[in-house]
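Examination of the molecular architecture
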Amino acid sequence: MAAQDALSAAIAVSGTSYCFDTTFHYLIPPSLADAVKPGVRVIIPFGRGNRKRVGFVLRIEPPDGQFRLKPILAVADDEPVMNEELLSLVSCLHETTFCTYYDGVKTILPSGMNLRIHETYRLCDADPQLPLSDEEENLLGFIRLAKSQRELDAMLDTRLNPEKADVIAALLAKGCIEEVQESHRMVGDKTLQMLRLSDAYLMDEVRHQPSRKQSQVIAFLEEVGTSSQRETCYLCGVTPAVIKTLIKHRVIELFEQEQLRTPAGGEFYTRSVDDVVLSEQQQAVYSAVADQVDLGEPKVFLLHGVTGSGKTSVFEKLIAHTLETGRQALLLIPEISLTPQMVSRFQSLFGETVAVIHSSLSLGQRMDEYKRIERGEANIVIGTRSAVFAPLTNIGLIIMDEEGERSYKSDSAPRYHAADVAKQRCKTHGAVLLLASATPSLESYYYARRGVYTLLEMPERYGNAVLPAVELVDMNEERAWGNQTEFSRALVDAIGDALEAGEQSILLLNRRGYHTIISCASCNAPLECPNCSIPLTYHRPNDSLMCHYCGYVSETVTACPSCKSEHLKQMGFGTQKLEEQIAEYFPTARILRMDADTTFSRYAYEQKFKAFGRGEYDIMLGTQMIGKGLDFPNVTVVGVLSIDKALFAGDFRSYERTFSLVTQVVGRGGRGNKPGRAILQSFLPEHYILQLAAEQDYCAFYNEEIALRKSLMFPPVCDICVLGFSSELEQNVRAAADTFLRMMRDKIRQEQITLPMRVLGPVRCAYGRIAGKYRYRLLIKCKNTPQLRAFISELLHESGKFKEFARVQLFADMNGDLGV
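About the criteria used
Residues numbered from 1 in each chain as written. Predicted model: local features only at pLDDT ≥ 70, side-chain atom pairs only at ≥ 80, totals over all residues. Heavy atoms only, no water. Helix = DSSP H or I, 4+ residues; strand = E, 2+ residues; numbered from the N terminus. Rg over C-alpha atoms; globule rule 2.2 N^0.38 Å. Contact = heavy atoms within 4.5 Å. Areas by Shrake-Rupley, 256 points an atom, 1.4 Å probe, with all protein chains shown as cover. Lys, Arg positive; Asp, Glu negative; His and termini not counted. Charge placed at Lys NZ, Arg CZ, Asp CG, Glu CD. Phe/Tyr/Trp six-rings, centres within 6.5 Å; stacked < 30°, edge-to-face > 60°. Buried < 20%, exposed > 50% of the residue type's maximum accessible area, 1.4 Å probe, protein only. Lys NZ or Arg CZ within 6 Å of the ring centre and 35° of its normal. Polar contact = N/O pair within 3.5 Å; in protein donor to acceptor, adjacent residues only side chain to side chain. Salt bridge = Lys/Arg side-chain N within 4 Å of Asp/Glu carboxyl O. Axes fitted to C-alpha atoms, helices over the stretch in contact; angles between N-to-C directions. Parallel < 35°, antiparallel > 145°, perpendicular 65-115°, else oblique. Nonpolar A, V, L, I, M, F, W, Y, C, P; charged D, E, K, R; others polar. Pairing = 2+ DSSP bridges. Patch = residues over 30% accessible without salt bridge, like charges linked within 9 Å, V, L, I, M, F, W, Y side chains within 5 Å.

1. A word on the overall build of the chain
Along the backbone of the chain there are 24 helices and 32 strands. Taking 28 Å as the expected radius of gyration for a compact globule of 820 residues, we find that the chain reaches 31 Å, a close match to that expectation. Excluding contacts between residues fewer than 6 apart, the proportion of contacts in the chain whose partners are at least 24 apart in sequence is 76%. For the chain, the accessible area works out to roughly 38,400 Å², and carbon and sulfur atoms hold 49% of it. Here the chain contributes 90 positive and 102 negative side-chain charges, whose respective centroids are spaced 3 Å apart.

Dropping the structure here:
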């Protein structure tokens, strides 16, 4: 390649900070000219020390003659690992979520594809042309005696003897040894050794007289083509020695065949799409969306359907229609707990063309599902938030079920919302986005009311089923009657009636553990996590105190750490205590507890929910994972315990989330042919949010909440950008937050910026310390525009110049919450 034809690569580099992140340019050596393409990962020298890092090629362009560029050292991928559309999403995430370019790359690719760099040395064949010192001669002599690469690496390891580094550097400079960079994926491909007849044998070039058993193997492979060694030995009744002999004489050959690690799922093709019968209201929704899919133009629909209205049946029909048009479909669900039921349902219709992506899969399974999608072997993808980046190439429909759930928002870089990415992908593919929920987010319903989205409604349950009768129980009256337990008399009676009738019950308590707070009766100080400003929760199964934020665990204590008093009081109750108490009321009942402590294993959700669906349990109690999307026809009683605290969570969305959770869990009852009953226990039964949730009246709730949001100027009437600061020293965090506020004021004044914004803070977060780091934040009420994002981005880059930010972590979140 001539000098004037040289090209450079714009590369996203791993391990950078946002304050100095950009696309870094590297020269493409002639030897790598054919291998370096957009979408491949490379090994590059970075920084003054030229430390080896992984980079990702975003684009190829002529080099800027003003700078002398470092060369790319090696290419890690044979082919691009991202298509053109996903490459554009990397830049989109960088611009809209204030993440580094490489953070965007890591988010899109499955974790199993992440690379590790291994630096090693290799002995050069040529003799040194320059004289060596005694130390250099001595080390070179030992290197030449090394019997393996591992032994050579051990000799050149400088961790125990740092002085050796100078000698190694001299040997490198004098050409005695050379550095070699190797990259390895975190998870390799799973392969199986297979047998087949060799080309030489098939072309009659082998002169070997096979024995009777060898002839059996040859005849078997002639019939089946390929087979594993173990299978061949078993079916032919031969030992591995027979196989070795045939390989030795070049009659057969071994080869590696990739084996995909497919997640366990349901049975394939046990139903037909023709069996899915839609009601009149379902058919109206289906027709509206299907017609738009046929047009091939991007559009957003909001489907507001009450619980049990049959939204999933509409999804099935729409996805089948999308496949008939030759396009692909993506179904997003908010919780991993919903995956087993949803996947089984769709696999029974569409079989192996369904792929699954969620964080409970092993790294190998997620990587292999990614491969299946990329190769076009799967045209339907079902998964949680990260599935929005599935490498589909011809999307016709994206569905977001329970679209108002906060789990669709990422809390770590890049801080994206799945709906924003889905809209971008629909725009690229000319696809339809269907947002669906019984309790849509206030923002989505606001946009639908204003005509930005098209509103579709299903106000009735499928098959003339009725919503459960809801009873609000005043727990103050229960206490007045002398009932000191966590169960109202109405709830106990309802569960007893269901047990007698052979029906099932669901109880929601959105708190794990046994006791939620242990405090000192003398000084009233709670037992707090040493790393967080959060009380520890007592867990009875392991008799330990645990922090649900940082994972800290300690033995139970008998004295107050502050005043040494031994008078400790236990308050609050979680799912473990609830399980114990319900067993005392109903000793013969079969109880299933579903929370983070009982669903550790990979298939726990699937196994436990299937067992409950088969009737192996009478009562299921748990946290919010049991509150949404599940369909159990035999559930007739739903109880909601201790929901009051959620109303005062310190976030402007707390009313919305409480209404949604109560509405959804109430909707789990009465989904079959039997009428349902729901009992809400509260010490605030007159609170209008609980009253509206009991009435299942979303429109009335929306009218109340949107009036409140408008008066206080909260989303959706504006956007909120949260700037977060964290450090191990509180004075550093406060100083950094104050400095950033001063930077904002100076920039606005000096550049005469006229962007509409209102800045609040800095203030300490609701939980001021988590995992050993103090946390402050600035809130900006604003309008999310390119100009506003550019303003924030410039400030984040400039922050790197100030010493106040040296030991402080800083982030910006354009979809920020005000809670934790």
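Next, the rest of the story.
2. So, the packing of aromatic side chains
All told, the structure shown has 21 aromatic pairs when counted by the stated rule. Ring centres 5.1 Å apart and planes at 90 degrees place the aromatic pair Phe24 and Phe46 in the edge-to-face group. One end of the pair, Phe24, is in strand S2 (residues 24-27); the other, Phe46, is in strand S3 (residues 41-46), and 22 residues separate them in sequence. Centre to centre, the rings of Tyr445 and Tyr698 are 5.0 Å apart; their planes meet at 80 degrees, and the pair counts as edge-to-face. Here Tyr445, found in helix H15 (residues 442-449), pairs with Tyr698, found in helix H22 (residues 698-712); they are 253 residues apart in sequence, far enough to count as distant. Classification of Tyr445 as buried rests on a relative accessible area of 1%. Above the ring of Phe573, the side-chain terminus of Arg511 is found at 5.5 Å from the ring centroid.

3. Thoughts on the environment of Asp77
By the secondary structure assignment, Asp77 is in the loop between strand S5 (74-75) and helix H1 (84-97). Overall, the relative accessible area of 11% leaves Asp77 in the buried class. Considering only alpha carbons, one finds Asp77 and Lys569, 492 residues apart in sequence, at a separation of 60 Å. Discounting chain neighbours no more than four positions away, the residues touching Asp77 are Val40 and Arg41. Reaching out from Asp77, the side chain makes a polar contact with the backbone nitrogen of Arg41 at a distance of 2.9 Å.

4. Concerning the pattern of salt bridges
For the structure shown, the criterion picks out 36 salt bridges. In this structure, the salt-bridge partner of Asp618 is Arg590, at a minimum N-O distance of 2.8 Å. You can see Asp618 sitting in the loop between helix H19 (604-613) and strand S26 (619-622) and its partner Arg590 sitting in the loop between helix H18 (575-585) and strand S25 (591-594), a full 28 residues away along the chain. Sharing partners across several salt bridges, the network here consists of Lys747, Glu751, Glu794 and Glu798.

5. Side note on the packing of helix H3 (residues 134-144) against helix H5 (residues 164-173)
Relative to each other, H3 and H5 sit at 80 degrees, their axes nearing to 10 Å. Compared by their axis directions, H3 and H5 come out roughly perpendicular. Contacts from Glu135, Glu136, Leu139, Leu140 and Ile143 in H3 reach Lys164, Val167, Ile168, Ala170 and Leu171 in H5. Taken together, the residues that form the contact of H3 with H5 break down as seven nonpolar, no polar and three charged.

6. A short note on the packing of helix H7 (residues 212-224) against helix H9 (residues 240-248)
Helix-helix packing is described using two parameters, namely the angle between the two axes and the distance between the axes. In contact at an axis separation of 10 Å, H7 and H9 are set at 75 degrees when each is read in the N-to-C sense. Comparing the axis directions of H7 and H9 gives the class roughly perpendicular. Of the residues in H9, those in contact with Lys213, Gln214, Val217 and Ile218 of H7 are Val242, Ile243, Thr245 and Leu246. Residue composition of the contact of H7 with H9, by class: five nonpolar, two polar and one charged.

7. Concerning the sheet that holds strand S19 (residues 504-508)
Strand order in the open sheet made by the six strands is S18-S28-S27-S19-S26-S25, with parallel pairing throughout. The open sheet has two free edges, formed respectively by strand S18 (469-474) and S25, since each of these has just one partner strand. The average angle at which neighbouring strand axes cross in this sheet is 15 degrees, direction not considered.

8. Considerations on a negative patch on the surface
Taken together, the side chains of Asp134, Glu135, Glu137, Glu163 and Asp166 define an acidic patch exposed on the protein surface. When residues of the negative patch are assigned to their parent elements, the largest contribution, three residues, is made by H3.

9. Brief notes about the side chain of Asp597
By the secondary structure assignment, Asp597 is in the loop between S25 and H19. The exposure class of Asp597 is buried, given its relative accessible area of 18%. The contacts of Asp597, once residues within four sequence positions are left out, are Arg512, Gly513, His539 and Gln576.

10. Examining a nonpolar patch on the surface
Together, Phe648, Phe683 and Leu684 make up an exposed nonpolar region whose accessible area comes to about 280 Å². Along the chain, the position of Phe683 falls in the loop between strand S28 (677-682) and helix H21 (688-695). Judged by relative accessible area, Phe683 falls into the partly exposed class, the value being 38%.

11. Quick notes on the sheet that holds strand S9 (residues 226-228)
If you walk across this open sheet you meet the three strands as S9-S8-S10, and the pairing is antiparallel. One side of each edge strand has no neighbouring strand; the edge strands of this open sheet are S9 and strand S10 (252-258). The mean inter-strand angle of the sheet, taken between neighbouring strand axes irrespective of direction, is 40 degrees. Here strand S8 (residues 191-197) pairs with S10 via seven bridges, running antiparallel. The residue bridging Leu197 from the neighbouring strand is Ile252, located in S10.

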